[in-house]
Amino acid sequence: MANLGFQGPADLTLDVKGRVAMPARHREVLSAMGATKLTITKHPDGCLLVFPPAAWEDFAARVMALPMESIGWRRLFLGNATEVELDGSSRMLIAPALKEYADLSRDVYMLGMGSCLELWDKRRYLDQETTVRSTPMPESVRNFIL
């Protein structure tokens, strides 16, 4: 499974201290990578990106290579990055500023996206998915899946 990276959805609960438990299937992938620390940062769509170390290093290097005209994006991704360690119960603590940015409430939704994870407020994710489905499918996707 580790060679597939992260995939699949998970309905989760954010506890009152701002922690969320890592689903078992994602813990298995992290374990296969030897990863106990994660980096969490903002995504432009209003969710959070969660990276294991190797994927974060690759992503951060690509962001650093962007031209100066992209400094605002560098700030969004790198300037807001927070490293967290999974606790003994495989929970990660979401920094208050990141929790506020993603408007995380009690009900959250985690999506495996290959090299990283996305963490969404569940209602926000469902609204976003509805918006995506109501817009025409880009030709690149249509040609890819049909």
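No experiment lies behind these values; they were computed from the predicted model shown.

## Structural notes on the overall build of the chain
Inference 1: Looking only at helices and strands, the chain has 6 helices and 8 strands in total.
Inference 2: The C-alpha radius of gyration computed for the chain amounts to 16 Å, which stays within 12% of the reference 15 Å derived for 146 residues, consistent with globular compactness.
Inference 3: The buried share of the chain, reckoned over its 146 residues, is 38%.
Inference 4: The long-range share in the chain, meaning contacts at least 24 apart out of those at least 6 apart in sequence, stands at 60%.
Inference 5: Here the chain has roughly 8,600 Å² of accessible surface; of this, 54% comes from carbon and sulfur atoms.
Inference 6: Charged side chains in the chain number 17 positive and 18 negative. The centres of these two groups are separated by 3 Å.

## Things to note about the sheet that holds strand E1 (residues 6-13)
Inference 1: Read across the sheet, 6 strands follow the order E1-E7-E8-E4-E3-E5 without closing on themselves; strand pairing throughout is antiparallel. Edge strands, defined here as strands with exactly one partner in the open sheet, are E1 and strand E5 (82-85). When strand polarity is set aside, the average angle formed by the axes of neighbouring strands in this sheet is 25°.
Inference 2: Its contacts with the sheet place helix H2 (residues 53-64) against strand E3 (37-42) and strand E4 (48-51), and it is angled at close to 120° to E4.
Inference 3: The sheet strands contacting helix H5 (residues 122-134) are E1, strand E7 (107-114) and strand E8 (117-121), and the helix crosses E8 at an angle near 105°.

## Topic: the nonpolar core
Inference 1: Core analysis: the biggest nonpolar cluster contains 24 residues, and Met92, Ile94 and Leu119 have the highest contact counts within it.
Inference 2: Of all the secondary-structure elements, those providing two or more residues to this core are E1, helix H1 (24-33), E3, E4, E7 and E8.
Inference 3: With 3 residues, the top contributor of residues to this core is E1.
Inference 4: Those residues in contact with Met92, other than ones at most four positions away along the chain, are Gly18, Arg19, Val20, Met22, Leu38, Ile40, Val50, Val84, Leu86, Met110 and Leu119.

## Points about the pattern of salt bridges
Inference 1: Counted by the stated rule, this structure contains 7 salt bridges.
Inference 2: In this structure, Asp11 and Lys122 form a salt bridge, with 2.8 Å as the shortest nitrogen-oxygen distance. A residue pair is termed long-range when its members are at least 10 positions apart, and Asp11 in strand E1 and Lys122 in helix H5 qualify at 111 residues.
Inference 3: Residue classification places Asp11 among the exposed residues on the basis of a relative accessible area of 51%.

## Examining the packing of H2 against helix H3 (residues 71-79)
Inference 1: Look at H2 against H3: their axes get within 10 Å of each other, and the N-to-C directions meet at 160°. The orientation of H2 relative to H3 falls into the category roughly antiparallel. Remark: the crossing between H2 and H3 carries left-handed chirality. Facing Trp56, Phe59, Ala60, Val63 and Met64 of H2, the residues of H3 in contact are Arg74, Phe77 and Leu78.

Analysis parameters
Residues numbered from 1 in each chain as written. Predicted model: local features only at pLDDT ≥ 70, side-chain atom pairs only at ≥ 80, totals over all residues. Heavy atoms only, no water. Helix = DSSP H or I, 4+ residues; strand = E, 2+ residues; numbered from the N terminus. Rg over C-alpha atoms; globule rule 2.2 N^0.38 Å. Buried < 20%, exposed > 50% of the residue type's maximum accessible area, 1.4 Å probe, protein only. Contact = heavy atoms within 4.5 Å. Areas by Shrake-Rupley, 256 points an atom, 1.4 Å probe, with all protein chains shown as cover. Lys, Arg positive; Asp, Glu negative; His and termini not counted. Charge placed at Lys NZ, Arg CZ, Asp CG, Glu CD. Pairing = 2+ DSSP bridges. Axes fitted to C-alpha atoms, helices over the stretch in contact; angles between N-to-C directions. Core = buried A, V, L, I, M, F, W, Y, C linked by side-chain atoms within 4.5 Å. Salt bridge = Lys/Arg side-chain N within 4 Å of Asp/Glu carboxyl O. Parallel < 35°, antiparallel > 145°, perpendicular 65-115°, else oblique. Left-handed = near helix turned anticlockwise from the far one by under 90°.

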